[in-house]
Amino acid sequence: MGTKRSTFALFFYINRKRQDKEKRCPVYLRISVNGTQTAVSIKRSILPKNWDEHGFPKGKSDESKDLTNYISILRNKLFTIQEELVSKENFITADMFRRALFGTETDKSVTLMEMFKERIEKEDTLFKLQKKTKGEYERFYYCSKYLKQYLKKTYNIEDISIRKVDRKFVDGFVGFMELRPSICHNYRMFLLQKFKSVLETAIRNELIGHNPFYGVSLALNKDGKRNYLTEDELQLLLTTELKYQPYAEERDIFCFSVFTGLANIDVQNLIRGELHKVEGQWWIRSYRHKTDVLSIIPLLPQAERIIRKYNPDFENLPNDAKLFSICEVNMRNLYLKKIGKLCNISKRLTTHVARHTFATTITLSHDVPLETVSKMLGHKSLEMTQHYAKILDKKIGRDMETLTSKISGAYQLPV
């Protein structure tokens, strides 16, 4: 991790507005490093007539001579501090000079994991006050989790000084995250954005001088592309024999999402009290974890069978009883990747593919109105649901291109 070259300047001045009873003015030192400044009193004072505006005592009085000698000592000490800081730190700030000069916590360095811990606690508090969603807290939490894994694997350490986090470190972590098979592109970008946010806090606190993320693209995929299973692929998933019990159970949970449209976290949180029977039909009425929007979903027979498979007497469960026991999402996605291969499905299966399949193959492809699908998915606006309609439009276009090539020349119109 390379060391940044720093500009360094000192300037002594008096504060004429703070004269004491003897008309003496306090002397201050302004330290400038890389365009940032800090000012501190040197605990000395002088009469204004004995001060040169260029930053030096003047005259031959004992007061001027003593102060000139003291300023000279401070200058030498600061240049020594500069050499020490440059040799130890990746980046130095004006405030670091001030602390080192007056002996306040010169050796203490804020670490990356300390900053994440503080931010996670803040986000948790905001969530509990209902000022932010739980998703914000979780993204900071999972980002810190992956950073700990990266530190251990790459450097064999548990933590690192925030000042040692440079572009090389960031590029390495980005590459580390790209190798996580269970994380989709957009979620990876969300996590990296949280890392960038913590570093921006470090900049504001003068712990680092620039953001190592500068120039790193954190763009989301916004082309409306959504992976989903076709009817043939869904049939493969349903009929392939899975001898390993955890895979079979994971397929059931995945298919429950396929037939309800619930996201992973909403299936995980689904409780008995969110199921209601109206005129012989079971309904799910559940607020989405992500948006806090109410989803209203008639329970299809396939979804009801899955519930009864794991909860044969679910009608008599207490209202707060969870209907499914689900492993952590990254483990789920790893299972799904292996299940997809066993079922000869070329698409990469993730928990969200199930939700997309509900929106496309299960509902929109069977002429369920867009407004109804939007209500079941718990979308805030119809525009969010229209992404799925666009996917179907593209599929129709491709199908018609295939049809055109098949019937080209087969039918002759009268001249």
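Located above this text is the structure these notes cover.
### Observations concerning the sheet that holds strand 6 (residues 275–278)
Taken together, 3 strands build an open sheet; the order of strands is 6-7-8 and the sheet is antiparallel. Of all strands in the sheet, those with a lone pairing partner are strand 6 and strand 8 (294–298), marking the two edges. Each neighbouring strand pair of the sheet contributes to a mean axis angle of 25°, computed without reference to strand direction.

### Here's the deal with the packing of aromatic side chains
This model, assessed by the stated rule, comprises 19 aromatic pairs. Ring geometry for F256 versus F324: centroids 4.9 Å apart, planes at 55°, classification tilted. Of this pair, F256 sits in helix 8 (residues 245–258) while F324 sits in the loop between helix 10 (301–310) and helix 11 (329–342), and the two are 68 residues apart along the sequence. As far as burial versus exposure is concerned, F256 and F324 are alike and both buried. By the ring-pair criterion, three or more aromatic residues cluster together here, those being F116, Y150, Y155, F169, F173, F176, F195 and F213. For R44, the ring lying beneath its charged end belongs to Y70, and the centroid distance is 3.9 Å. Residue placement shows R139 over the ring face of F190; its charged tip is 4.1 Å from the ring centre.

### Focus on the packing of helix 4 (residues 134–155) against helix 6 (residues 185–204)
It is at 9 Å that the axes of helix 4 and helix 6 come closest, and there the two elements cross at 85°. Classified by the interaxial angle, the pair formed by helix 4 and helix 6 is roughly perpendicular. For the pair helix 4 and helix 6, the contacting residues are E136, R139, F140, Y142, C143, Y146 and L147 in the first and Y187, F190, L191, K194, F195, S197 and V198 in the second. Broken down by class, the residue content of the contact of helix 4 with helix 6 amounts to 10 nonpolar, 1 polar and 3 charged.

### A short note on helix 5 (residues 167–178)
Compared with the 16 Å implied by 1.5 Å per residue over 12 residues, the 16 Å span of helix 5 between its first and last C-alpha is a close match. Turning to helix 5, its buried residues are F169, V170, F173, V174, F176 and M177. Buried residues of helix 5, seen end-on, are gathered within an arc of 160° and therefore sit on one face of the element. In helix 5, the exposed residues that point more than 90 degrees away from the buried face are K168 and E178.

### Overview of the pattern of salt bridges
In a structure, side chains of opposite charge can pair up when their charged atoms sit close to one another. This structure, assessed with the given rule, holds 13 salt bridges. Put simply, E53 and R16 hold a salt bridge, and the shortest N to O gap is 2.2 Å. Here E53 is found in the loop between strand 4 (51–52) and strand 5 (56–57), whereas its partner R16 is found in the loop between strand 1 (8–14) and strand 2 (25–33), with 37 residues between them in sequence. Where R139 meets E136, a salt bridge forms, and the shortest distance between an N and an O atom there is 3.7 Å.

### Here we look at the sheet that holds strand 2
Pairing is antiparallel across the open sheet formed by 3 strands, whose spatial order is 1-2-3. Each having just a single partner strand, strand 1 and strand 3 (36–46) make up the two edges of the open sheet. Taking each pair of neighbouring strands and ignoring which way they run, the sheet shows an average axis angle of 20°. Note: strand 2 against strand 3, 8 bridges, orientation antiparallel. When the sheet's bridge partners are listed, L29 is paired in strand 3 with V40.

### Focus on helix 8
If you check helix 8, its first and last C-alpha atoms are 20 Å apart, about what 14 residues at 1.5 Å a residue would give, namely 20 Å. When you tally the buried positions in helix 8, you get 11 out of 14 residues, the bulk of the element. Of all the positions in helix 8, only Y247, A248, E250, R251, D252, I253, F254, C255, F256, S257 and V258 are classed as buried.

### Topic: the pairing of strand 2
Among the 9 residues in strand 2, 8 count as buried, and that is most of the element. Bridging between strand 1 and strand 2 involves 7 bridges; their strand directions are antiparallel. Considered in strand 2, the bridge of F12 is made with L29.

### Overview of the side chain of E274
By secondary structure assignment, the location of E274 is in the loop between helix 9 (264–269) and strand 6. No salt bridge is formed by the buried E274, whose closest oppositely charged neighbour, K322, lies at an N-O distance of 9.5 Å. At 3.4 Å, the side chain of E274 and the side chain of S286 are in polar contact. Residues within four places of E274 in sequence aside, it is in contact with N269, W283, I284, R285 and S286.

Here is what the cut-offs are and how they apply
Residues numbered from 1 in each chain as written. Predicted model: local features only at pLDDT ≥ 70, side-chain atom pairs only at ≥ 80, totals over all residues. Heavy atoms only, no water. Pairing = 2+ DSSP bridges. Helix = DSSP H or I, 4+ residues; strand = E, 2+ residues; numbered from the N terminus. Axes fitted to C-alpha atoms, helices over the stretch in contact; angles between N-to-C directions. Phe/Tyr/Trp six-rings, centres within 6.5 Å; stacked < 30°, edge-to-face > 60°. Buried < 20%, exposed > 50% of the residue type's maximum accessible area, 1.4 Å probe, protein only. Lys NZ or Arg CZ within 6 Å of the ring centre and 35° of its normal. Parallel < 35°, antiparallel > 145°, perpendicular 65-115°, else oblique. Contact = heavy atoms within 4.5 Å. Nonpolar A, V, L, I, M, F, W, Y, C, P; charged D, E, K, R; others polar. Expected span 1.5 Å × (residues − 1). Arc of directions from axis to C-beta. Salt bridge = Lys/Arg side-chain N within 4 Å of Asp/Glu carboxyl O. Lys, Arg positive; Asp, Glu negative; His and termini not counted. Polar contact = N/O pair within 3.5 Å; in protein donor to acceptor, adjacent residues only side chain to side chain.

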